[in-house]
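Results of the structural survey
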Amino acid sequence: MRPISLTAHKPRALLAMLLLNSGKLVLWHRMLEELWDAAQPASAMSNLRTYATELRRIVFAGGAQLVSDPDGLRLLTDRDQVDVEIFGDLCWRAKQSQVDGDLCSAERAYELALGLWRGPALTGLCRGPILAAAAAALDERRLGVLEDWFDVRLDLTTTNQCSASALTEDLRRHLAEHPIRERPHRQLVVTLYRLGDIAGALHACSGAREVLQRSLGLDPDGRIDLLHTAILRRDTDLLRPDVQNRVTGSARGTV
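Notes on the structure in this doc start here. All of these numbers come straight from a predicted model, not from anything done at the bench. (Residues numbered from 1 in each chain as written. Predicted model: local features only at pLDDT ≥ 70, side-chain atom pairs only at ≥ 80, totals over all residues. Heavy atoms only, no water.)

**Comments concerning the overall build of the protein chain**
When you go through the protein chain residue by residue, the secondary structure sums to 11 helices and three strands. The helix and strand sequence of the protein chain, counted from the amino end, reads α-β-α-α-β-β-α-α-α-α-α-α-α-α. Over its C-alpha atoms the protein chain spans a radius of gyration of 23 Å, topping by over 25% the 18 Å that the globule rule assigns to 255 residues. On the principal axes, the C-alpha backbone points of the protein chain span a range of 70 × 40 × 30 Å. Looking at the protein chain as a whole, 44% of its 255 residues qualify as buried. The long-range fraction of contacts in the protein chain, counting pairs at least 24 apart against all pairs at least 6 apart in sequence, stands at 60%. (Helix = DSSP H or I, 4+ residues; strand = E, 2+ residues; numbered from the N terminus. Rg over C-alpha atoms; globule rule 2.2 N^0.38 Å. Buried < 20%, exposed > 50% of the residue type's maximum accessible area, 1.4 Å probe, protein only. Contact = heavy atoms within 4.5 Å.)

**Brief notes about the packing of aromatic side chains**
For the coordinates displayed, the defined rule picks out three aromatic pairs. Measuring from ring centre to ring centre gives 6.2 Å for Trp 36 and Tyr 51, while their planes differ by 20°; the resulting arrangement is stacked. You can see Trp 36 sitting in helix α2 (residues 28–36) and its partner Tyr 51 sitting in helix α3 (residues 44–58), a full 15 residues away along the chain. Residue class for Tyr 51 comes out buried when judged on its relative accessible area of 16%. Judged by centre distance (5.9 Å) and plane angle (25°), the ring pair of Trp 149 and Phe 150 falls under stacked. Each member of the pair, Trp 149 together with Phe 150, is buried. Above the face of the Trp 28 ring, Arg 49 is positioned so that its terminal group lies 4.7 Å from the ring centre. Directly above the aromatic system of Trp 149 lies the positively charged group of Arg 153, at a separation of 4.3 Å from the ring centroid. (Phe/Tyr/Trp six-rings, centres within 6.5 Å; stacked < 30°, edge-to-face > 60°. Lys NZ or Arg CZ within 6 Å of the ring centre and 35° of its normal.)

**Concerning the nonpolar core**
In this structure, Val 189, Ile 231 and Leu 238 are the most contacted members of the largest nonpolar core, which totals 36 residues. When residues of this core are traced back to their parent elements, those giving at least two are α4 (83–99), α5 (103–115), α6 (129–156), α7 (164–177), α8 (182–194), α9 (198–216) and α10 (223–232). No other element matches the seven residues that α6 contributes to this core. Residues contacting Val 189, with those up to four places away along its chain left out, are Ala 201, Ala 204, Cys 205, Leu 227 and Ile 231. (Core = buried A, V, L, I, M, F, W, Y, C linked by side-chain atoms within 4.5 Å.)

**Structural notes on the side chain of Asp 148**
Among the structural elements, Asp 148 can be located in helix α6. Owing to a relative accessible area of 13%, Asp 148 belongs among the buried residues under this scheme. Excluding residues that lie within four positions of it along the chain, Asp 148 makes contacts with Lys 95, Tyr 110 and Arg 183.

Shown next, in the form of structure tokens:
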């Protein structure tokens, strides 16, 4: 893929909108809202068409991929040219591998998907309301996929196909950045138990309660308590795949 030079903020934001909606019609009024919000100058529509022409010239080498419509613009590109599409395809492949029971393939697909990320979504853009919401949704999606990856790795520890020590380090790093996410707290509890660190697993249960109570004023949803009880009675389900559903299936919600 050839490098491009596109430094002006508004053309960059327009390109991001089009890439995030590849193959879909992006309406003129949505682009105007993103680029100027409520402070649209009289020349906004003319400027927007100029930015589209600039994208055709600099980014799309002639512009056949960027199609004008009376109602907006549509970017026509292959899925394998857009990172967010590649990410989605890899996540779908990982989920299918999980359904098929091929956890090693699922783990590799998740790792490839997460390897596409180099930081928070849409970093370096001056974002209006639409791109700000899109970036937040993408970042949340990445965190969910990261925790899906942790689940697969956790299942692989039952057959020694994944290092529980390495998983513990990754979970601790993740929780240092996102301490109020309950799911990785539960994953850490089970991983420590499988390492034989019973005291550490119990301490992780207590730590999860403390963090959530202090930060949110809420108790965990019950699954931490069920894991705590399972550890105390040395429940053999703690050593089996899909442990969180086995041990906490009677609690509210799903993992």
